[in-house]
Amino acid sequence: MILATGLSGGEAVMLVVVALLIVGCSWCHWRIATKAALVLVLFEGAIRRWGVPGAQELVYLLKDLFLLGAYLGFGCSSEPQVRSRLRQVWPYFALLVAVLGLSALQGDSGSPWLAAYGLTPYLFYLPLAVVVPHLFCDDEALKKCVLHLATLATPICLIALSQWLWPAPSFLSFPDKDRSRVMATFSYITGHGTFIIVFFALHVGLLCTKLPKWGRIWMRTNLPLLCADALICGSRSVVLCLAFFLAVFVPVALSTKGWRMRRMGKALLAAAVLVAAGAVAIDRAKATRGSQESRSPSASQRWSLASQVPWPETTLFGQGVGLTHPRMVVMRSLLRLPKPEGKLLIYGDELRQVYVELGGVGFLCWYGLRLLLVYGTWRAFRAASSKVRKPLLLISLLVQLPHLLLPLVFNETAGVLVFALVGIGCIRDAAGADASVHPLQTSG
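Everything numeric in this text was worked out from a predicted model, so none of it was measured.

Engineer: Could you clarify how one ought to interpret a nonpolar patch on the surface in this entry?
Structural biologist: A cluster of nonpolar side chains, Tyr 92, Leu 372, Tyr 375 and Trp 378, forms an exposed patch at the surface whose accessible area comes to about 390 Å². Examining the composition of the nonpolar patch, we find that three residues originate from one element, helix 17 (residues 350-383), more than from any other. Relative to the helices and strands, Trp 378 is located in helix 17.

Below, the structure written as structure tokens:
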């Protein structure tokens, strides 16, 4: 990856040393490194655009270095709870690696190293579901960390609004063929959309808990900003996800004792009105566009059309894991491997793309695991007695559900944030009421 950037030998050696130092420091301080990666994923697009525009791949690699060191530090930890967790989740992870490994080896990758690298979009961020539960000593530490993370939505939303008010070409704008698209601090529209969905859910969930006065005011101020960001990002799926979230969350929260819903009722009502108005406005805008766009449908239209077409036939283990991922092009160039024989099938929706890459067996294994995580989060939500974690468990569940269809393998922002939310469902309740409820939950 480093050599593919065109650096000289001395510069490449220096970067390798820096990378090893980052991994080593992350190994020693794996909790801090994991939190740093959660922050970095929100700003890596801005760093690439305004900080080091000539080293795009290296910027994307930075958060992975933090996480790699954190995983190594977590795996080598001598803490009894960590050892117990590792013993419990190891069979699940080994089975998943074995099934996806067969898909990787059977595919037309051209190299076992490239095939192994193709597994990273599926597997690299999954351990966050196991690491995150051990970042916090108690529920108050969890709430404090999530609250501080949620405050980062303010500069991101303000940058998005600035990009919308002053479109390209300008210093704040990202180069994009469609000037109506707003990407804030992210490199891709999908990453920006994931940020809006996840952070809107985090704000609503936090407002159901007891917050300090400054935190409650900040969260209420950010909600309109996130709604406005959803309306200007140009993605109808984001608005639909927010509408789905409000339609499910509000009734459940109103029927749950101990949640602070009355005080935030006006804020949620305003958010619901903005989301509904945005959905109508986006639909009307799409309906009134010119005939040229009607001949070239949008991504959401392609997705809806593709879902109605019968899926193509594929081999038992698919065409190869990760062959269509953008990073594979760089790695193939680095290893000087020829392009795969035949035409790679590429689709606009991730569901079919995963099916084509993994085949029937890998597809069932991957989405079976995802459904198992959803079911485990639901059981943890029903059993939880903590007034802090119960709202966060509900938002984790409501974020996971739409991401069964939305990009996650081909959207690194979603991979980091969604699997980090899954980790909240793997935290044992302090009173032990929900012990061993989640399939990844330790009983020790």
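Okay, back to it.
Engineer: I tried to follow the environment of Ala 420 on my own but got confused; where do I start?
Structural biologist: Along the chain, Ala 420 turns up in helix 19 (residues 412-424). Sequence separation between Ala 420 and Leu 128 is 292 residues; the distance between their C-alpha atoms is 5.4 Å.

Engineer: What is the right way to look at the confidence of the model for the protein in this model?
Structural biologist: Do not read the predicted coordinates in detail wherever pLDDT is low. Averaged over all residues, the pLDDT of the protein equals 76, while 66% of them reach at least 70. Low confidence marks residues 430-436, where pLDDT is under 50. Its contacts with residues over four positions away, or in another chain, come to 15 contacts.

Engineer: Is there a simple way to think about the packing of helix 10 (residues 189-207) against helix 19 in this case?
Structural biologist: Axis separation between helix 10 and helix 19 bottoms out at 9 Å; the angle between their running directions is 20 degrees. If you check the angle between helix 10 and helix 19, you find them roughly parallel. Where helix 10 crosses over helix 19, the handedness of that crossing is left-handed. Along the contact surface, helix 10 presents Gly 191, Thr 194, Val 198, Phe 199 and Leu 202, while helix 19 presents Thr 413, Ala 414, Leu 417 and Leu 421. Tallied by class, residues from the contact of helix 10 with helix 19 come to six nonpolar, three polar and no charged.

Engineer: Teacher, can you tell me more about the packing of aromatic side chains here?
Structural biologist: Working definition: an aromatic ring pair is given by the centre-to-centre distance plus the angle between the planes. Inspection of every chain in the model, using the stated rule, returns twelve aromatic pairs. Between Phe 186 and Phe 195, the aromatic rings sit 5.5 Å apart at their centres with planes inclined by 35 degrees, giving tilted as the arrangement. Residues Phe 186 and Phe 195 agree in their burial class; the two are buried. Aromatic side chains Trp 214 and Trp 218 sit 5.9 Å apart centroid to centroid with 70 degrees between the ring planes, which places their arrangement in the edge-to-face category.

Engineer: When you look at the pattern of salt bridges in this model, what are you seeing that I'm missing?
Structural biologist: Pairing between side chains of opposite charge can happen when their charged atoms approach one another. Taken as a whole, this structure holds six salt bridges when the rule is applied. The residue Lys 63 makes a salt bridge to Asp 64 at a minimum N-O spacing of 4.0 Å. Asp 64 carries the same exposure label as Lys 63, and that label is buried. Among the salt bridges present, the one from Glu 140 reaches Lys 143, with a minimum N-O distance of 3.5 Å. Taken together, the residues Glu 140 and Lys 143, both in helix 8 (residues 139-150) and three residues apart, mark about one turn of the helix. Given the relative accessible area of 48%, Glu 140 is considered partly exposed. Using a relative accessible area of 10% as the deciding quantity, one classes Lys 143 as buried. In the salt-bridge network here, residues are joined through shared partners; they are Glu 44, Lys 63, Asp 64 and Glu 412.

Engineer: Can you help me understand the nonpolar core in this one?
Structural biologist: Soluble globular proteins tend to bury their nonpolar side chains together. Within the largest apolar cluster, 101 residues are counted, with the highest numbers of intra-cluster contacts made by Phe 195 and Trp 366. The leading source of residues in this core is helix 17, at twelve residues. Residues in contact with Trp 366, not counting those within four places in the same chain, are Leu 96, Tyr 122, Val 354, Leu 358, Leu 408, Val 409 and Phe 419. Ala 19, Val 23, Leu 61 and Leu 65 belong to the second largest nonpolar core, which has five residues in total.

Engineer: I keep staring at the packing of helix 8 against helix 11 (residues 213-232) and nothing clicks. Help me out?
Structural biologist: Geometry of a packed helix pair, given as the angle between the helix axes and the separation of the axes. As a packed pair, helix 8 and helix 11 sit with axes 10 Å apart at the nearest point and diverge in direction by 40 degrees. Classified by the angle between their axes, helix 8 and helix 11 sit oblique to one another. Taken as a pair, helix 8 and helix 11 cross one another with a handedness that is left-handed. Each of Leu 147, His 148 and Ala 150 in helix 8 lies in contact with helix 11, whose residues at this interface are Trp 214, Gly 215, Met 219 and Asn 222.

Engineer: In this structure, what is going on with helix 9 (residues 153-165)? I would like to understand it.
Structural biologist: For an α-helix, the turn length of 3.6 residues means that residues three or four places apart are oriented alike. An ideal rise of 1.5 Å per residue puts 18 Å on 13 residues; helix 9 measures up with 18 Å between its terminal C-alpha atoms. Residues of helix 9 that are buried: Ala 153, Thr 154, Ile 156, Cys 157, Ile 159, Ala 160, Ser 162 and Gln 163. Structurally, helix 9 contributes buried residues whose contacts are with helix 2 (30-51), helix 8, helix 10 and helix 11.

Thresholds applied
- Throughout, a residue's number is its position along its own chain's written sequence, starting from 1.
- Reporting in this predicted model follows two pLDDT cut-offs: at least 70 for local features of residues, and 80 or more for side-chain atom pairs to be given and counted; totals over whole chains, interfaces and linings ignore these cut-offs and use all residues.
- Neither water nor hydrogens contribute to the side-chain values; these are computed over all heavy atoms in the structure.
- Each patch is built from residues that are more than 30% exposed by relative accessible area and take part in no salt bridge. Like charges join if they lie within 9 Å; nonpolar side chains (Val, Leu, Ile, Met, Phe, Trp, Tyr) join within 5 Å.
- Only the protein chains shown count as cover for residues, and the accessible areas themselves come from Shrake-Rupley with a 1.4 Å probe.
- Here, a salt bridge means any Lys or Arg side-chain nitrogen found within 4 Å of an Asp or Glu carboxyl oxygen.
- By the criteria applied, helices consist of DSSP H or I runs no shorter than four residues and strands consist of E runs no shorter than two, each listed in order from the N terminus.
- One confidence number per residue, pLDDT, is output by the predictor and ranges from 0 to 100.
- Note on contacts: a residue pair is in contact if any heavy atoms of the two residues lie within 4.5 Å.
- Every axis in this analysis is a line fitted to C-alpha atoms, fitted for helices over the stretch in contact. Angles between the N-to-C directions lie between 0 and 180 degrees.
- Angle categories are assigned with fixed cut-offs, so that under 35 degrees is roughly parallel, over 145 is roughly antiparallel, 65 to 115 is roughly perpendicular, and the rest are oblique.
- Handedness of a crossing follows from how the near helix is turned relative to the far one, being left-handed for an anticlockwise turn of less than a right angle and right-handed for a clockwise one.
- Here the nonpolar group is Ala, Val, Leu, Ile, Met, Phe, Trp, Tyr, Cys and Pro; Asp, Glu, Lys and Arg are the charged ones; every other residue, Gly included, is treated as polar.
- Under the pairing criterion, centres of Phe, Tyr and Trp rings, with the six-membered ring standing for Trp, must be within 6.5 Å; the plane angle then separates stacked pairs below 30 degrees from edge-to-face pairs above 60, leaving the rest tilted.
- The buried label applies to any residue whose accessible area, calculated with a 1.4 Å probe on protein chains only, is under 20% of its type's maximum; exposed applies above 50%, and partly exposed to all values in between.
- Among buried residues, those of type Ala, Val, Leu, Ile, Met, Phe, Trp, Tyr and Cys that are joined through side-chain atoms within 4.5 Å constitute a nonpolar core.
- A helix is expected to reach a length of 1.5 Å times the quantity of its residues less one.

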